[in-house]
Amino acid sequence: ETPMGEFLGECGMGISETIGSADPDKVTAFEVWLFAKSDIRTITKVLMSEHAYQGDGLRARLASNGEAMLAQPGAPFMLETTGLQVRIDVTDLIYGEGEGDVPAKSFFDKLTVELVAIAKPPTSDDSTL
């Protein structure tokens, strides 16, 4: 929101894909998304474990959800619409131990992600000149 309380948009993160059959769920990919009121679409990228990112089948299946991004600390990326920009930074990542039906580096035991949203400055409309 603007300082005046005008709604500009939302951003967030949710589970995109789990792996294995054990409880609790073992998350192998998250969706990070940005919706801006000024844009007609929601921008989404899929933050993946190393196993999901390297595996052609899983990566291809998740491609319809958004661009694949390997979760790795120190490699920030952006989501951007006409009016908003979000910087996504993985600050901490620990993989769960591969056990039973799940391979190594296939799910997150801990994933800390920082999302910083900023409004983009308005662009000049050249059609009014």
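What counts and how
Residues numbered from 1 in each chain as written. Predicted model: local features only at pLDDT ≥ 70, side-chain atom pairs only at ≥ 80, totals over all residues. Heavy atoms only, no water. Pairing = 2+ DSSP bridges. Helix = DSSP H or I, 4+ residues; strand = E, 2+ residues; numbered from the N terminus. Axes fitted to C-alpha atoms, helices over the stretch in contact; angles between N-to-C directions. Polar contact = N/O pair within 3.5 Å; in protein donor to acceptor, adjacent residues only side chain to side chain. Contact = heavy atoms within 4.5 Å. Phe/Tyr/Trp six-rings, centres within 6.5 Å; stacked < 30°, edge-to-face > 60°. Buried < 20%, exposed > 50% of the residue type's maximum accessible area, 1.4 Å probe, protein only.

J.: Can you help me understand the sheet that holds strand β7 (residues 108–119) in this one?
T.: One key point about sheets: their strands pair by backbone hydrogen bonds, in either a parallel or an antiparallel sense. Pairing is antiparallel across the open sheet formed by three strands, whose spatial order is β5-β6-β7. The sheet is open, and its two edges are formed by β5 (77–80) and β7, each paired on a single side. Strand-to-strand, the axes of this sheet are offset by a mean angle of 25°, without reference to chain direction. Of the pairings in the sheet, the one linking strand β6 (residues 84–95) to β7 comprises 11 bridges and is antiparallel in character. Following the sheet pairing, Leu84 is matched in β7 by Ala119.

J.: What is the right way to look at the side chain of Glu17 in this model?
T.: Here Glu17 shows up in strand β1 (residues 9–19). For Glu17, the side chain forms a polar contact with the side chain of Arg61, separated by 3.0 Å. The contact partners of Glu17, leaving out residues within four places of it in the chain, are Lys26, Val27, Thr28, Ala29, Leu58, Arg61 and Leu62.

J.: How should the packing of aromatic side chains be read in this particular structure?
T.: To describe a pair of aromatic rings, one takes the distance between the centres and the angle between the planes. Overall, the coordinates contain two aromatic pairs when judged by the stated rule. When the centroid spacing of 5.9 Å and the interplanar angle of 40° are considered together, the rings of Phe30 and Phe108 count as tilted. Separated by 78 residues along the polypeptide, Phe30 in strand β2 (residues 26–36) and Phe108 in strand β7 bring together distant segments of the chain. There is no split in this pair, since Phe30 and Phe108 are both buried. Consider the rings of Tyr95 and Phe108, whose centres lie 5.6 Å apart with planes at 20°: the pair is stacked. Of this pair, Tyr95 sits in strand β6 while Phe108 sits in strand β7; the two residues are 13 residues apart in sequence, bridging distant segments of the chain.

J.: Please clarify how the sheet that holds strand β3 (residues 42–48) should be interpreted in this entry.
T.: Across the sheet, which stays open at both edges, the four strands sit in the order β1-β2-β3-β4 with mixed pairing between neighbours. In this open sheet, the two strands that pair with only one neighbour each are β1 and β4 (67–70). Each strand of the sheet is rotated relative to its neighbour by a mean of 25°, with strand direction disregarded. Here β2 runs beside β3; their pairing, made up of seven bridges, is antiparallel.

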